[in-house]
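In case you want the letters, here they are:
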Amino acid sequence: MEIRKLNSEETPPYALLLLADPSKEMIASYIDRGDCFIAEKGKHIIGVYVLLPTKAETIELMNVAVAEQQQGSGIGKRLVTDAIRVAKEKGYKTIEVCTGNSSIGQLALYQKCGFRITRVDRDYFTKHYVEVIVENGIVCRDRIRLSQDL
Ligand SMILES: CC(C)(COP(=O)(O)OP(=O)(O)OC[C@H]1O[C@@H](n2cnc3c(N)ncnc32)[C@H](O)[C@@H]1OP(=O)(O)O)[C@@H](O)C(=O)NCCC(=O)NCCS
């Protein structure tokens, strides 16, 4: 498997991006402002992440996603580790990531990769998403922000 930055002429892998963010409108609002990285196995794109500069010296990891058949075999961890490396190389001081209160696996993954919870935006998902999101039997209401110093 190889991880590389997507060229500006290439189309972002929307099917994968939609696994991480169910709103096409939300994805469209940030995809062009950030760098999209893909994980390839042969000719297949099996993973993606987006890095989006936010505040000064801070970059946000958005939209980490692994193709469903390939999940659970360490690719997610490799993508997050790669994003941290790229952010560090670019000279950012902080990397942030957000997920939902119901995203138990994602909260585990990010904390295993060194992120710590810094903020809870209560009712973020209830306010910004039209459809109700339910994961692990939990309604996704609150946005959990995690970060780590680089
Ligand atoms: C989240 C996602 C990217 C993870 O990718 P993956 O390739 O399946 O993850 P990995 O195989 O690298 O495993 C990640 C780690 O989290 C751990 N983990 C996952 N679910 C867990 C749980 N419920 N409890 C404890 N640990 C858990 C795994 O054990 C693993 O840690 P380990 O290597 O120490 O065992 C993938 O499931 C995905 O694409 N989901 C849909 C899109 C999405 O939700 N993206 C995130 C948006 S915030």
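Everything below is about the structure printed above this text.
Residues numbered from 1 in each chain as written. Predicted model: local features only at pLDDT ≥ 70, side-chain atom pairs only at ≥ 80, totals over all residues. Heavy atoms only, no water.

(A) Quick peek at the environment of A15. Locating A15 in the fold gives a position in helix α1 (residues 14-20). As for A15 and A65, which are separated by 50 residues in sequence, their C-alpha atoms are 9.8 Å apart. (Helix = DSSP H or I, 4+ residues; strand = E, 2+ residues; numbered from the N terminus.)

(B) The pairing of strand β3 (residues 44-53), seen in detail. Among the 10 residues of β3, 7 are classified as buried, and the element is accordingly described as predominantly covered. Relative to β3, strand β2 (residues 35-41) runs antiparallel, the two being bridged by 7 bridges. Within β3, the position partnered with C36 by the bridge is V50. Here β2 folds back onto β3, and the loop between the two strands holds 2 residues, one of which, G42, carries a positive phi near 60°. Two strands pair when backbone bridges link them, and β3 and strand β4 (residues 58-66) are joined in this way by 6 bridges, in the antiparallel orientation. From the neighbouring strand, V50 faces β4, where its bridge partner is M62. The antiparallel pairing of β3 with β4 creates a hairpin that spans 4 residues between the two strands, and E57 there sits at a positive phi of about 65°. (Buried < 20%, exposed > 50% of the residue type's maximum accessible area, 1.4 Å probe, protein only. Pairing = 2+ DSSP bridges.)

(C) The site of the ligand, seen in detail. Near the ligand, the surroundings consist of 21 residues, among which V64, V66, G74, G76 and Q106 are the closest. Between an oxygen atom of the ligand and a main-chain N or O atom of G74, the distance comes to 2.7 Å. Note that an oxygen atom of the ligand is positioned 2.6 Å from one of the side-chain N or O atoms of Q106. Put simply, the parts of the chain that give the shell around the ligand at least two residues each are α1, β4, α3 (75-89), β5 (94-100) and α4 (104-112). No other element matches α4, which puts 7 residues into the shell around the ligand. Partitioned by chemical class, the residues of the shell around the ligand number 11 nonpolar, 8 polar and 2 charged. (Near = heavy atom within 4 Å. Polar contact = N/O pair within 3.5 Å; in protein donor to acceptor, adjacent residues only side chain to side chain. Nonpolar A, V, L, I, M, F, W, Y, C, P; charged D, E, K, R; others polar.)

(D) Spotlight on α3. For α3, spanning 15 residues, the distance from its first C-alpha to its last is 21 Å, which sits close to the expected 21 Å at 1.5 Å a residue. All of the buried residues along α3 are I75, G76, L79, V80, D82, A83, I84, V86 and A87. Trailing α3 by a residue or two, G91 shows a phi angle of about 90°, which is positive. (Expected span 1.5 Å × (residues − 1).)

(E) Molecular detail of the pattern of salt bridges. Under the criterion given, the structure shown has 11 salt bridges. Its salt-bridge partner being D82, residue R85 comes within 2.8 Å of it at the nearest N-O pair. Taken together, the positions of R85 and D82, both in helix α3 and 3 residues apart, correspond to about one turn of that helix. You can call R85 partly exposed: its relative accessible area is 41%. Residues E96 and R145 are paired through a salt bridge, measuring 2.9 Å at the closest nitrogen-oxygen approach. Of this pair, E96 sits in strand β5 while R145 is found in strand β9 (residues 143-149), placing the two residues 49 residues apart along the sequence. Both residues of the pair, E96 and R145, belong to the buried class. Here the salt bridges do not stand alone but share partners, grouping K55, E60, E96 and R145 into one network. (Salt bridge = Lys/Arg side-chain N within 4 Å of Asp/Glu carboxyl O.)

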